[in-house]
Amino acid sequence: MERKQWKYKIGGRAQGIIPSLFLFVLFGGISVYLYINKHEAFLFGAILTAISVVLILSCVFRKIFVKVLIGKTEFYYQTKPGNGKTYRYNEIIEAWESSGTNLNGTPQRFCNYKTRNGQTIKFPFFPYEAEGVDYLIKQTQKTRVEKLITDDNEQEEYVINGKIYGKTSIVITLVLLVLVLTITLPTMTHSEPAEIGGIETIPFTGLIAVSGIFVALIIRYLCFKVQIGKDGVYFRSNPLNGKYYPYKDIISCEAVQKEYRHHRPKGSFHQLHYYYFYFTDKNGKTVRFQYQKPIYEHEIETLKKRIEKEKSSEKNLNGEKKIENIEKKQKNL
């Protein structure tokens, strides 16, 4: 695929390789120093060194395998060895850009496209790659017009789930859990029963917290699903609460951004950004779920529009019925 002339290239770069190499040298040096001096903390340093090696390998992997090559009549998308695929623009029924702020406050942008088999594919890009994404979206739209493709996007189905970055989050939390265990187990082993309950319980509390996050991420990855259909939305956050809500039964909805400030030492603070979508059904039950705006901005807007459209249609229908009743009464008089 590299031999072909492509207009734009997205990805295929070793982003973050220099910081990862710096961490490897730093933690590796500290680990060797502690080992030579027979300090027990060398194991902790070795774990951090191993993590930096994983980061380096991840950067190299992305450089070799993760890329989007964009041409005039088609584009090529690959995320791992052997799964590269070429798409002609007339195979794409919809393409769009989504953007927003991540949890840590950093902005992120995604290119999204939907194939004729209903599969939606998303990939992130940097601001300097925006020209290539704009070209891909315009070529898709241009092809739809030239081929007189009349797919109604209001009929399309969209899905929000915990799959994107889900495995990455689970792996990172698992590594953090191992680190906490490395710190906690020696403390628990050498502590007297009377000591437990004081400051020695802090690592144990951290272990419980990280374990809870780990379990929650697995449940979200396996179970969380918001399926946006033509006439209603299906919502599930755990194995037992899946339910379908027709749009006609939803009386209100709202997308909300919440910001929380977490204080740091020396008076500084770190701001976290969360996005939630709420909707209330006719029985007064309110459903709330968290979503990642950079990834699912388009899906949330679609869900909101479909709910509001149904409400608007219902109001118009009720208005017509009122007018009919008034006319009937006038005729009877």
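As the structure is a prediction and not an experimental result, all values here were calculated from the model.

Basis of the calculations
Residues numbered from 1 in each chain as written. Predicted model: local features only at pLDDT ≥ 70, side-chain atom pairs only at ≥ 80, totals over all residues. Heavy atoms only, no water. Helix = DSSP H or I, 4+ residues; strand = E, 2+ residues; numbered from the N terminus. Pairing = 2+ DSSP bridges. Salt bridge = Lys/Arg side-chain N within 4 Å of Asp/Glu carboxyl O. Buried < 20%, exposed > 50% of the residue type's maximum accessible area, 1.4 Å probe, protein only. Polar contact = N/O pair within 3.5 Å; in protein donor to acceptor, adjacent residues only side chain to side chain. Contact = heavy atoms within 4.5 Å. Phe/Tyr/Trp six-rings, centres within 6.5 Å; stacked < 30°, edge-to-face > 60°. Lys NZ or Arg CZ within 6 Å of the ring centre and 35° of its normal. Core = buried A, V, L, I, M, F, W, Y, C linked by side-chain atoms within 4.5 Å.

Student: How would you sum up unusual backbone geometry? Please name residues and give values.
Tutor: A positive phi angle is found at lysine 38, which is not glycine, with a value near 55°. Here lysine 38 shows up in the loop between helix H1 (17–36) and helix H2 (42–65).

Student: Any chance you could break down the pairing of strand E10 (residues 232–236) for me, citing the residues and the numbers?
Tutor: Summarising the sheet, strand E9 (residues 225–228) and E10 pair through four bridges and their orientation is antiparallel. The residue bridging isoleucine 228 from the neighbouring strand is valine 233, located in E10. The loop that links E9 with its antiparallel partner E10 comprises three residues. As judged from the four bridges shared by E10 and strand E11 (residues 243–246), these two strands associate in the antiparallel manner. If you follow valine 233 over to E11, its bridge partner there is tyrosine 245. What sits between E10 and E11 in their antiparallel hairpin is a turn of six residues.

Student: Give a description of the pattern of salt bridges that names residues and reports values.
Tutor: The final tally for this structure, using the stated rule, is six salt bridges. Here arginine 109 ties to glutamate 97 by a salt bridge, and the two come within 2.9 Å at their closest N and O atoms. In this pair, arginine 109 is assigned in strand E6 (residues 107–115) and glutamate 97 in strand E5 (residues 92–101), connecting sequence segments twelve residues apart. Arginine 109 sits in the partly exposed class, given a relative accessible area of 27%. Looking at glutamate 97, the relative accessible area reads 28%, which means it is partly exposed.

Student: Provide a residue-level description of the side chain of lysine 122, including the pertinent values.
Tutor: Relative to the elements of secondary structure, lysine 122 occurs in strand E7 (residues 120–125). Since its relative accessible area comes to 12%, lysine 122 is described here as buried. Here the side chain of lysine 122 touches asparagine 112 through a polar contact of 2.8 Å, side chain to side chain. A polar contact of 2.8 Å, which involves the side chain of lysine 122, links it to the side chain of glutamate 299. Setting aside anything within four residues of it in sequence, one finds lysine 122 in contact with Tyr77, Trp96, Phe110, Cys111, Asn112, Ile164, Ile295, Tyr296 and Glu299.

Student: An account of the pairing of E5 is needed here, citing residue identities and associated values.
Tutor: Of all the ten residues making up E5, seven are buried; the element is thus mostly covered by neighbouring parts of the structure. Note that E5 and E6 share nine bridges and pair antiparallel. Bridging from a neighbouring strand, tryptophan 96 pairs with asparagine 112 of E6.

Student: Now, about the environment of threonine 49: what can you tell me, with residues and values included?
Tutor: Position of threonine 49 relative to the elements: it lies in helix H2. Among the residues examined, threonine 49 registers a relative accessible area of 13% and is labelled buried. Residues threonine 49 and valine 25, spaced 24 residues apart in sequence, show a C-alpha to C-alpha distance of 8.1 Å. Apart from residues lying up to four places away in sequence, threonine 49 is in contact with Phe24, Phe27, Gly28 and Ser31.

Student: Would you mind going over the packing of aromatic side chains in detail, with residue names and values included?
Tutor: For the structure on display, the rule yields 20 aromatic pairs. Relative to phenylalanine 289, the ring of phenylalanine 224 has its centre 6.1 Å away and its plane inclined at 55°; by these criteria the two rings are tilted. Taken as a pair, phenylalanine 224 in the loop between helix H5 (201–223) and E9 and phenylalanine 289 in strand E14 (residues 286–291) lie far apart in primary sequence, 65 residues in all. Classification of phenylalanine 224 by relative accessible area gives buried; the value is 5%. Clustering of aromatic rings is evident, with ring pairs tying together Phe75, Tyr77, Tyr87, Tyr89, Tyr113 and Phe123. The ring centre of phenylalanine 224 lies 4.1 Å from the NZ or CZ of arginine 220, which sits over that ring. When the ring centre of tyrosine 276 is taken as origin, the NZ or CZ atom of lysine 258, which lies over that ring, is 5.6 Å away.

Student: Could you give an account of the nonpolar core, naming the residues involved and the relevant values?
Tutor: Judged by nonpolar contacts, the single largest core of 24 residues is most densely connected at Val233, Phe277, Phe279 and Phe289. Put simply, the parts of the chain that give this core at least two residues each are strand E8 (158–161), E9, E10, strand E12 (250–263), strand E13 (269–281), E14 and helix H6 (293–332). Top element by residues in this core is H6. It accounts for five residues. Each residue touching valine 233, except ones within four places of it in the same chain, is listed here: Val226, Gln227, Ile228, Lys243, Tyr244, Tyr245, Tyr247, Ile250, Phe279 and Leu303. By size, the runner-up hydrophobic cluster in this structure holds 19 residues, among which are Ile10, Phe125, Val133 and Leu136.

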